[in-house]
Amino acid sequence: MTSIDATTTTAQTAAAQTARPPASPLHARIGAALTGAAIPADLLDLDARDPLARKRDEFTLPDGVVYLDGNSLGALPRAVPERLQQVAAQEWGDALIRSWSAGADRGRDWMNLPDRVAAKIAPLIGALPHEVAVTDTTGVNTFKVLAAALKLAPAGRRVILTDAENFPTDLYIAQGLLDLLGGGYELRRVNPDALDGHLTADVAALLLTEVDYRTGRRLDMAAITAQARAAGVLTVWDLAHSAGAFPVDLRGVGADFAVGCGYKFLNGGPGAPSFLFVSERHLGNENAAPVAISGWMGHADPFEMDRAFTPAPGARRFVPGTPMVLSLSALDSALDVFAGVDLHALRAKSLSLTDTFIRLMEPLCARFPLTLVTPHEHAQRGSQVSYRHPQARQVMADLIGGGVIGDYRTPDILRFGFTPLYHSHADVARAVAGMQAALEARA
Ligand SMILES: Cc1ncc(COP(=O)(O)O)c(C=O)c1O
Ligand SMILES: Nc1c(O)cccc1C(=O)C[C@H](N)C(=O)O
């Protein structure tokens, strides 16, 4: 093989690796419907007046795609690759171990990186910076805060009350913790609409996810938290589908604990560390929330190498081990897109996007076996819209092939997440045009 042949071959291989697979006729039809969709004037007008419209430029999104899955994996903020490159090349490659403390004056040392990220998440969830820790996965953080809640609860309270249909991780983690603790502990799974009779004197903690991952239904966090507190029950809120999607006010509602994902609406990238919240009430010197997984990085003075655990001030005590510097750096950079964002404007736009989607989908619901499962009431809606369809799995596969990227969830849910930082009302119209093409083809 000559050198020219070799070059050509390498170039062809690279092209083959980056090119999309050829579209099937169905995918091409959906794609054409999406890109050729006529955008109604009222939607163009809403977009023209959108105070968040400029935020779209802070994200990298592929052409020809309407990405409606930011509630599973947020899109890539433009600044993140450069930050990762800098952390890898300079902070790791050049400065090596010195980076744990170097740059502290500029807020770039690795040691305090979890705390800086926590401080950026705090205003998004209505917390003080020292009430938030960023580390581990959501599931592991759920374990830690549930363990703390069980320890804080009076001896006679040994039940974790939860939504019977909570996200699987929440159920598995709670059950695993209770199995470890042994006799007398119980996970009680109930309908969250019927909490009234269930906040009994044996309940230690109430574990709920604010926005249901399938239906997008949002619970009334303020009312439920007040009800639980009145019954002497500690609250643990899973904010996986809330944080970054709309303003959350943990302090305002009086929540005890919370957890949430870094890779959904916070856009921290695949496997981004999760956050946890512990109310200041449980961080004092007396009656502090105990730390079940107490590692050296949560010690008040890690390099003292003390044999006994003295918790760091604030929620940092819940960071057990070496901070995940690369993924924390991505999340740190990603969170900068929230700088200057009015969270109430974010919520208003999210509702406008989901209202528009629901309205444009109505004719399709009349023609096809689609049933809206997301509540119409704004107060009960997160930032996603879901429908049941008997062939949901296949419909979603068609949509994704054609460029409308949503999600399928068992057994029959089509789920569409809306991210007000990077979606326009025109995107909504394009997605519905793609949906119409997909449904017509399948019918
Ligand atoms: C409501 C909810 N809780 C927890 C999780 C799990 O998070 P992790 O995989 O980070 O443990 C998810 C998503 O995966 C989720 O949607
Ligand atoms: N966390 C995920 C992952 O690691 C791979 C694929 C999907 C996910 C998800 O986010 C699932 C998700 N929590 C859901 O709401 O369905």
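Residues numbered from 1 in each chain as written. Chains lettered and ligands numbered in written order. Predicted model: local features only at pLDDT ≥ 70, side-chain atom pairs only at ≥ 80, totals over all residues. Heavy atoms only, no water.

A look at the site of ligand 2
- Near ligand 2 you find Ser72, Phe167, Tyr213, His241, Tyr263, Lys264, Arg409 and Arg415, and these make up its full shell.
- In the environment of ligand 2, an oxygen atom lies 2.6 Å from a nitrogen or oxygen atom belonging to the side chain of Arg409.
- Here ligand 2 loses 59% of its free accessible area of 380 Å² to cover by the protein chains.
- Across the shell around ligand 2, the residue classes break down as 3 nonpolar, 2 polar and 3 charged.
- Built from parts of two domains, the shell around ligand 2 gets at least three residues from each of domain 1 (22-78 + 342-442) and domain 2 (112-338). (Near = heavy atom within 4 Å. Polar contact = N/O pair within 3.5 Å; in protein donor to acceptor, adjacent residues only side chain to side chain. Areas by Shrake-Rupley, 256 points an atom, 1.4 Å probe, with all protein chains shown as cover. Nonpolar A, V, L, I, M, F, W, Y, C, P; charged D, E, K, R; others polar. Domains from an automatic or database assignment.)

A word on the UniProt feature "modified residue: N6-(pyridoxal phosphate)lysine" (unreviewed entry) in the protein chain
- Sequence positions flagged by UniProt for "modified residue: N6-(pyridoxal phosphate)lysine" (unreviewed entry) are, in local numbering, Lys264.
- Considering the arrangement of structural elements, one finds Lys264 in the loop between strand E9 (257-260) and strand E10 (275-278).
- A relative accessible area of 9% means that Lys264 is categorised as buried.
- Those residues in contact with Lys264 that lie beyond four places of it in its chain are Gly70, Asn71, Ser72, Gly74, Ala240 and His241.
- For Lys264, the side chain forms a polar contact with the main-chain oxygen of Asn71, separated by 3.2 Å. (UniProt positions renumbered as here; feature names shortened; annotations may be inferred. Helix = DSSP H or I, 4+ residues; strand = E, 2+ residues; numbered from the N terminus. Buried < 20%, exposed > 50% of the residue type's maximum accessible area, 1.4 Å probe, protein only. Contact = heavy atoms within 4.5 Å.)

Some details on the site of ligand 1
- If you check the shell around ligand 1, you find Thr137, Thr138, Gly139, Phe167, Asp170, Thr209, Asp238, Ala240, His241, Cys261, Tyr263 and Lys264 and nothing else.
- Residue Thr138 places a side-chain N or O atom 3.0 Å away from an oxygen atom belonging to ligand 1.
- Burial of ligand 1 by the protein chains amounts to 83% of its free accessible area of 400 Å².
- Residue classes in the shell around ligand 1 are distributed as 4 nonpolar, 5 polar and 3 charged.

A closer look at the sheet that holds strand E15 (residues 413-417)
- The antiparallel open sheet is built from 4 strands, whose spatial order is E11-E12-E15-E14. Edge positions in the sheet fall to strand E11 (371-372) and strand E14 (407-409), since each of these pairs with one other strand and no more.
- Bridge count for E14 against E15 is 3 bridges, and the pairing is antiparallel. Considered in E15, the bridge of Arg409 is made with Ile413.
- Those strands touched by helix H12 (residues 392-402) are E14 and E15, and its axis lies near 40° from that of E15. (Pairing = 2+ DSSP bridges. Axes fitted to C-alpha atoms, helices over the stretch in contact; angles between N-to-C directions.)

Description of the pattern of salt bridges
- Counted by the stated rule, this structure contains 28 salt bridges.
- In this structure, Asp42 engages Arg359 in a salt bridge whose closest nitrogen and oxygen atoms are separated by 3.4 Å. Of this pair, Asp42 sits in helix H3 (residues 41-48) while Arg359 sits in helix H11 (residues 343-367), and the two are 317 residues apart along the sequence.
- Look at Arg359 and you get partly exposed, because its relative accessible area is 40%.
- In this structure, Asp355 engages Arg381 in a salt bridge whose closest nitrogen and oxygen atoms are separated by 2.8 Å. Here Asp355 is found in helix H11, whereas its partner Arg381 is found in the loop between E11 and strand E12 (384-388), with 26 residues between them in sequence.
- For Asp355, a relative accessible area of 30% translates into the label partly exposed. (Salt bridge = Lys/Arg side-chain N within 4 Å of Asp/Glu carboxyl O.)

Considerations on the sheet that holds strand E8 (residues 234-238)
- Ordered in space as E4-E10-E9-E8-E7-E5-E6, the 7 strands form an open sheet in which the pairing is mixed. Each edge of the open sheet is held by one strand with a lone partner, namely strand E4 (132-134) and strand E6 (186-190). Each strand axis lies, on average, 20° off the axis of its neighbour in the sheet, ignoring direction.
- Relative to E6, strand E5 (residues 159-163) runs parallel, the two being bridged by 5 bridges. Pairing of Val159 across the sheet is with Glu186, part of E6.

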